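Breakdown of the fold
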Amino acid sequence: MKKILNLVMPFDIERIIQAKKNDPISNVLMGSLLLNNQPHSVYFKFYSLQEGNRGLLNEILGYLYGTISNIPQPEFAGVALVPTKMLRPFYPLLTKEMQGCVDQEETLPAFFTTAATSTHYGFHTINDWLRNQIIKWKDFNKAVVFDEVIANTDRYPRNLIHTGDNLFCMIDNGFLATEDSSNPNWNYSSLQPQLNYSNQLASINQNEIESDVRKGNRFISVAEDYFLSHQHLLPEMKFWIDNFATNNKKDWQSFLDFLQWRTDNVNELISNRYGLLG
């Protein structure tokens, strides 16, 4: 099976050079690794190995879904098995959960993406200038629909990379199907496929869409043509689940079913969010 995401072994991790912490609960570090014997600067995002933690696989499944929706996201990504001795210099900057993992493990998996060289905002509030930049972004409608499908509740400005005038790259799919901003760990028994979870991008122009049916129809059009077939991704999704799930794998089948329903019914989800006729 040819995979979209890369799996990088410990001997191909070159170095960790600095922490890139933009909130109290994240464990993001910058460094470099080898892919096909070529060095690349990347961001490493670590999640606790505690049973039931969903963050790492949320990132994986979100990125894979992004590849079929043609949204702008980092050029490449994957999972790196990072030697914990490389994390020791940054130990005080890690969360207590992650410090515990460093103490107990020789390697830790991290979701990594290409390091972006553009503007990365470190705040939640959208000012008027940034709001206009986002609304005029050519992929804005597509990005709203993408977050609706995967139930990303955390697409604040800090999870958009500003790559140019009215241009953005989407990062961070760690928080899916949860309204708890301090915990990425959805519970399989509380997954609600028909629910309009918080969609930060959709809220930017909620009032405008609700008052202008023409703008609403553009979202419906995007929703109708949104996803290409994603069945070819299932073997890779199951590969990552089999190798990195820290809990009952049946939970993840429930999550795949959740994504399947939302993919098949995205028109309905968008119509309900904006009060439109689907």
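Quick note: structure is the one above.
Residues numbered from 1 in each chain as written. Predicted model: local features only at pLDDT ≥ 70, side-chain atom pairs only at ≥ 80, totals over all residues. Heavy atoms only, no water.

Regarding the overall build of the chain
In terms of regular secondary structure, the chain is built from nine helices and nine strands. For 278 residues, the compact-globule estimate of 2.2 N^0.38 gives 19 Å, and the chain sits close to it at 19 Å. Its C-alpha atoms give the chain principal-axis dimensions of roughly 55 × 40 × 35 Å. Sequence separation of 24 or more characterises 73% of the internal contacts of the chain that already satisfy a separation of 6 or more. Of the roughly 13,000 Å² of accessible surface on the chain, 47% is carried by carbon and sulfur atoms. Once the 24 positive and 30 negative side-chain charges of the chain are each reduced to a mean point, those two points are 3 Å apart. (Helix = DSSP H or I, 4+ residues; strand = E, 2+ residues; numbered from the N terminus. Rg over C-alpha atoms; globule rule 2.2 N^0.38 Å. Contact = heavy atoms within 4.5 Å. Areas by Shrake-Rupley, 256 points an atom, 1.4 Å probe, with all protein chains shown as cover. Lys, Arg positive; Asp, Glu negative; His and termini not counted. Charge placed at Lys NZ, Arg CZ, Asp CG, Glu CD.)

A closer look at the environment of glycine 164
Counting through the fold element by element, glycine 164 comes out in strand β8 (residues 160-164). On the basis of relative accessible area, glycine 164 is assigned to the partly exposed category, the value being 26%. Between the C-alpha atoms of glycine 164 and phenylalanine 258, which are 94 residues apart in sequence, the distance is 34 Å. (Buried < 20%, exposed > 50% of the residue type's maximum accessible area, 1.4 Å probe, protein only.)

So, the packing of aromatic side chains
Under the defined criterion, the tally for this structure stands at 11 aromatic pairs. Arranged with centres 4.8 Å apart and planes meeting at 80 degrees, the rings of tryptophan 186 and tryptophan 252 form a pair that is edge-to-face. Taken together, the residues span a long stretch of sequence, with tryptophan 186 in the loop between β9 (167-170) and α5 (206-211) and tryptophan 252 in helix α8 (residues 249-264) at a distance of 66 residues. In terms of burial, tryptophan 186 and tryptophan 252 fall into one category: buried. Ring plane angle 75 degrees and centroid distance 5.7 Å describe the contact between tryptophan 252 and phenylalanine 255, whose orientation is recorded as edge-to-face. A residue pair is termed a helical-turn pair when its members lie 3 or 4 positions apart in one helix, as tryptophan 252 and phenylalanine 255 do in helix α8 at three residues. On the basis of relative accessible area, tryptophan 252 is assigned to the buried category, the value being 0%. Taken together through their ring pairs, the aromatic side chains of Trp186, Tyr197, Trp252, Phe255 and Phe258 make up a single cluster. Between the NZ or CZ atom of lysine 3 and the centre of the ring of phenylalanine 239, over which it lies, the distance is 4.6 Å. Over the ring of tryptophan 186 we find arginine 54; its NZ or CZ atom is 3.8 Å from the centre of that ring. (Phe/Tyr/Trp six-rings, centres within 6.5 Å; stacked < 30°, edge-to-face > 60°. Lys NZ or Arg CZ within 6 Å of the ring centre and 35° of its normal.)

Comments concerning the pairing of strand β3 (residues 28-35)
Judged by how many residues are buried, β3 sits mostly within the fold: seven of eight residues are covered. Pairing of strand β2 (residues 13-19) with β3, which is carried by five bridges, proceeds in the antiparallel orientation. When the bridges of β3 are listed, isoleucine 16 appears paired with glycine 31. Between β3 and strand β4 (residues 38-46), which pair antiparallel in sequence order, lie two residues; one of them, asparagine 36, sits at a positive phi of approximately 55 degrees. (Pairing = 2+ DSSP bridges.)

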